Amino acid sequence: MNNPWPGLIGRMVGSMIAVGLVGAIFNQLFLFLFIFTLGCLIWQLLHLYYLERWLREGIPADPSCPRFLRSGAVWQWLYKRFMDLRSRSRKRKRKVSRILKQFQTAAAALPDAIVVLHEDDTVYWFNGAAQRLLGLRSVRDIGLTITTLLRAPSFVEFLSSHNYEDSLQLSSPINDSVMLSVRLRPYGKKRRLLLATDITRIHRLEQIRQDFVANVSHELRTPLTVISGYLETLRDSDHPCMEQWHLPLQRMHQQTHRMMYIIEGLLMIARLETHAEGLPQKPVAVPSMLAVLAEEASTLSGDREHCIQLEIDSQLWIYGCEQALRSAFSNLVFNAVRYTPAGGRIIIRWYADAQGAHLEVEDNGEGIAPQHLSRITERFYRVDRDRARERGGTGLGLAIAKHVMNHHNGKLVIVSRVGVGSLFACDFPLEYCLQASCWQSMKELTQELN
Ligand code: ADP
């Protein structure tokens, strides 16, 4: 359709001139022009009113041009433009809803649960797997806060932590035997995606592996203790025929001890992995523990004469499992002695700041190359297997330290440079810190009250 404006303006000007001429004939030029302008205004206002009503009342499925719009080229033109826009938007809508349907079919076929959450954690949308794994029910649960549907305290804490890096393992709210790995991802404008994967099989295999290692270690402990006892007796025997066996017995005894250390280490990791909640928790006097460890480290250093420095906050205790903490700290301190050349410097720091309590073991030893750092806390991972064995390592020290830190909701951080040295830091959260004096006065008060 051609642009109707030039025609309209032409017609208006022509009509105005004609009305002006008639007005001039009757000597009422301004009155005639005023009446003409008022008439035009009323006519246009009426059309505007009809148009607004036509839009308000909803347009029929196949609308023919309403009568009031047929009376002017501009109004007809507006009608045409409007209908074009409407048909284009309908096409776009059909396309979007086709894509949406395809997306929903694909999302429904996914084995993982997907839940779209609003900023206030209310449920906006979820797929079929979310019904199967999380027990969400369509329509009824849309708009409800997710924590009213998934009430596990660990999930509530995870949701409020805004942690988008890690995942949370929890059992399905509708079936205890189904294990889920839950992750959160931010997207769009303050929305979040909750993804839950069924990891029951992996979890079961992991449990079988853990139980196997724990059972084997446990079963080996008794025969090894017996062998070690007999070897000790034979080694200490001063019967003349045993003299030639003295050295082999000494070696055998050392190796059985090494095996026992390995088994103790594996059992400690198994306990931290499987029965962590059963480990005794109490206030631990870390300063005195570290003082004893420093003395033991001096003995281990022997004539290699390392310089071992203690920088300790003597008032700082933490709440945790004493046995596990001792094991973790001793592994870090003894490693520093093992992997630092004679005469090297080892600093043990224990302090607190706004983030929590920190143990740091720093040495100026051989250091660790960057490619090993990501795997160094795995069980039996060694930078140099022969050298580590030669220095009396079991290959479990750092794995134990990592598990102990996980158990205390903390982190093991390793910074190292080859030829410069290493720093092993155990970072504990603030809620695990205790002031020795406060704890003592609390204990005294409790005793008095009892
Ligand atoms: P190991 O019993 O063999 O020492 P760990 O798990 O304690 O086992 O340590 C793993 C490896 O990390 C060691 O074999 C060693 O190569 C390296 N390592 C640990 N501590 C240090 C350190 N302070 N300096 C240099 N290398 C270290």
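Quick note: structure is the one above.
Values in this document were obtained by computation on a predicted structure and should not be read as measured data. (Residues numbered from 1 in each chain as written. Predicted model: local features only at pLDDT ≥ 70, side-chain atom pairs only at ≥ 80, totals over all residues. Heavy atoms only, no water.)

Visitor: Talk me through the overall build of the chain; I want residue IDs and the actual numbers.
Guide: Helix and strand counts for the chain stand at 14 helices and 13 strands. In summary, the chain has a C-alpha radius of gyration of 40 Å against a globular reference of 22 Å for 450 residues, an excess of more than 25%. Within the chain, the fraction of its 450 residues that count as buried is 36%. At a minimum sequence separation of 6, the contacts of the chain that also span at least 24 residues come to 59%. For the chain, the computed accessible surface area is about 27800 Å², with 58% contributed by carbon and sulfur atoms. (Helix = DSSP H or I, 4+ residues; strand = E, 2+ residues; numbered from the N terminus. Rg over C-alpha atoms; globule rule 2.2 N^0.38 Å. Buried < 20%, exposed > 50% of the residue type's maximum accessible area, 1.4 Å probe, protein only. Contact = heavy atoms within 4.5 Å. Areas by Shrake-Rupley, 256 points an atom, 1.4 Å probe, with all protein chains shown as cover.)

Visitor: Tell me what's going on with the sheet that holds strand E11 (residues 411-417), and back it up with residues and numbers.
Guide: Reading across from one edge, E7-E9-E10-E12-E11 is the order of the five strands in this open sheet, with mixed pairing throughout. Of all the strands in the sheet, the pair left with one neighbour each is strand E7 (307-312) and E11. Sheet twist, expressed as the average angle between the axes of neighbouring strands with direction ignored, equals 10°. Where strand E10 (residues 356-363) meets strand E12 (residues 421-429), eight bridges bridge the pair, whose relative direction is antiparallel. Counterpart to His358 in the pairing with E12 is Asp427. Most of the contacts of helix H10 (residues 322-338) go to E10, to which it runs at about 25°, and overall it touches strand E9 (345-353), E10, E11 and E12. Each of E11 and E12 touches helix H13 (residues 397-407); the most contacted strand, E11, lies at about 140° to it. (Pairing = 2+ DSSP bridges. Axes fitted to C-alpha atoms, helices over the stretch in contact; angles between N-to-C directions.)

Visitor: Describe the environment of Ala388, naming the residues involved and giving the relevant values.
Guide: Turning to its location among the elements, Ala388 is positioned in helix H12 (residues 385-390). Classification of Ala388 by relative accessible area gives buried; the value is 4%. Setting aside chain neighbours within four positions, we find Ala388 in contact with Tyr339, Arg382 and Gly393.

Visitor: Provide a residue-level description of helix H1 (residues 5-25), including the pertinent values.
Guide: Under the 1.5 Å per step criterion, the end-to-end length of H1 is 30 Å for 21 residues, consistent within 8% with the ideal 30 Å. Of all the residues in H1, the buried ones are Val19, Gly20 and Gly23. The buried residues of H1 occupy an angular sector of 105° when the element is viewed end-on, so they sit on one face. Opposite the buried face of H1, by more than 90 degrees, sit the exposed residues Pro6, Ile17, Leu21 and Ile25. Looking at the buried positions of H1, the neighbouring elements they touch are helix H2 (29-56). Positive phi appears at Asn27, one or two residues downstream of H1, with a value of about 60°. (Expected span 1.5 Å × (residues − 1). Arc of directions from axis to C-beta.)

From the geometry alone we can't say anything about function, so treat these as descriptive.
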